[in-house]
Amino acid sequence: MRIVILRLGHRIQRDQRITTHVGLTARAMGAEGMLLDSEDSGIEKSLNEAAIRWGGSFYVKRITGWRNEIRNWKDSGGKMMHLTMYGANLPDVINEISPEKLMIVVGAEKVPPEIYDLADWNVAVGNQPHSEVAALAVVLDRLQTTRGKDPLKTNFTGGKLEIVPNMRHKEVKNK
Ligand code: SAM
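Residues numbered from 1 in each chain as written. Predicted model: local features only at pLDDT ≥ 70, side-chain atom pairs only at ≥ 80, totals over all residues. Heavy atoms only, no water.

**Q** Account for the side chain of histidine 10, with residues named and values stated.
**A** Looking at the secondary structure, you find histidine 10 in the loop between strand S1 (2-8) and helix H1 (16-28). A distance of 2.7 Å separates the side chain of histidine 10 from the side chain of threonine 19, its partner in a polar contact. Apart from the residues within four sequence positions on either side, histidine 10 is in contact with Asp15, Gln16, Thr19, Leu36, Ser38, Asp40, Ile43 and Ala108. (Helix = DSSP H or I, 4+ residues; strand = E, 2+ residues; numbered from the N terminus. Polar contact = N/O pair within 3.5 Å; in protein donor to acceptor, adjacent residues only side chain to side chain. Contact = heavy atoms within 4.5 Å.)

If you want it as structure tokens, here you go:
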């Protein structure tokens, strides 16, 4: 399953850190890229630096028209899932979500109501308010593990550094 994140409502300054974390989580857990509806170039810079250092082909693309991006995605056969605490609870709908191409919309401030109509699935990771980073991590994990792929075993080719897993101390080697 190809997965792309659409980050909506990012506020420069206020959301910089959390949007970076949305991108880092998306990258680490197997999404191919993140579309960012903002002029904020800082996010793109830090995620590109992560890819140069740690490998993989994750991208950040700044966009100006999220409606067009969703329309183009759907016209090319993709589906869209909107993460919202008001949606259907993930365990109740996970089995009906298996498109080849999935766009996952993650809000910052309140998302435009239109998103609820455009979404193929409005999905909650539990019907309680919490963090978009946590919601995204859980959804990426469940979507992939229920289909036999473990997102914690994603391969990152290229890059300069590689962590050597170690129970006792920090070990990093040059590639
Ligand atoms: N007050 C905002 C609203 O009305 O949507 C919610 C802000 S919340 C911190 C930011 C984003 O986190 C939401 O747009 C949604 O994508 C995600 N989120 C928060 N809780 C969630 C949940 N229980 N399930 C799925 N996504 C959630």
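**Q** Residue-level account of helix H3 (residues 66-75), with values.
**A** Given 3.6 residues to a turn, an α-helix orients residues that are three or four positions apart in the same direction. Every buried residue of H3 is listed here: Trp66, Glu69, Ile70 and Trp73. Buried residues of H3, viewed axially, fall in a sector of 95°; they line one side. Packed against the buried residues of H3 are S1, strand S2 (33-36), strand S3 (59-62), strand S4 (79-89), strand S5 (101-107) and helix H5 (114-118). Remark: glycine 77 follows H3 within two positions and exhibits a positive phi of approximately 95°. (Buried < 20%, exposed > 50% of the residue type's maximum accessible area, 1.4 Å probe, protein only. Arc of directions from axis to C-beta.)

**Q** Give me the site of the ligand: which residues, what numbers.
**A** In the vicinity of the ligand lie 15 residues, with Leu83, Gly107, Val125, Gly126 and Gln128 positioned nearest. Within the backbone of glycine 126, one N or O atom sits 2.9 Å away from a nitrogen atom of the ligand. Histidine 130 is positioned with one of its backbone polar atoms (N or O) 3.2 Å from a nitrogen atom of the ligand. Its free accessible area being 560 Å², the ligand has 78% of it covered by the protein chains. Those elements that provide at least two residues to the shell around the ligand are S4, S5, strand S6 (121-124) and helix H6 (132-145). Among the elements that make up the shell around the ligand, the one with the highest residue count is S4 (3 residues). In the shell around the ligand, the residues fall into 8 nonpolar, 5 polar and 2 charged. (Near = heavy atom within 4 Å. Areas by Shrake-Rupley, 256 points an atom, 1.4 Å probe, with all protein chains shown as cover. Nonpolar A, V, L, I, M, F, W, Y, C, P; charged D, E, K, R; others polar.)

**Q** An account of the environment of asparagine 155 is requested, with residue identities and associated values reported.
**A** Topologically, asparagine 155 is positioned in the loop between H6 and strand S7 (161-163). For asparagine 155, a relative accessible area of 72% puts it in the exposed group. Distance in space between the C-alpha atoms of asparagine 155 and alanine 28 is 9.5 Å, their sequence separation being 127 residues.

**Q** So, H6: which residues are in play, and what are the values?
**A** Between its terminal C-alpha atoms H6 stretches 20 Å, which fits the 20 Å expected from 14 residues at 1.5 Å a residue. Among the residues of H6, those classed as buried are Glu132, Val133, Ala135, Leu136, Val139, Leu140, Leu143 and Gln144. What you see down the axis of H6 is that its buried residues fit within an arc of 160°, all on one side. Of the surrounding secondary structure, the elements contacted by the buried residues of H6 are S1, H1, S4, helix H4 (90-93) and S5. Taking the backbone nitrogen of valine 133 as reference, a side-chain oxygen 3.0 Å away marks serine 131 as the first, capping residue of H6. (Expected span 1.5 Å × (residues − 1).)

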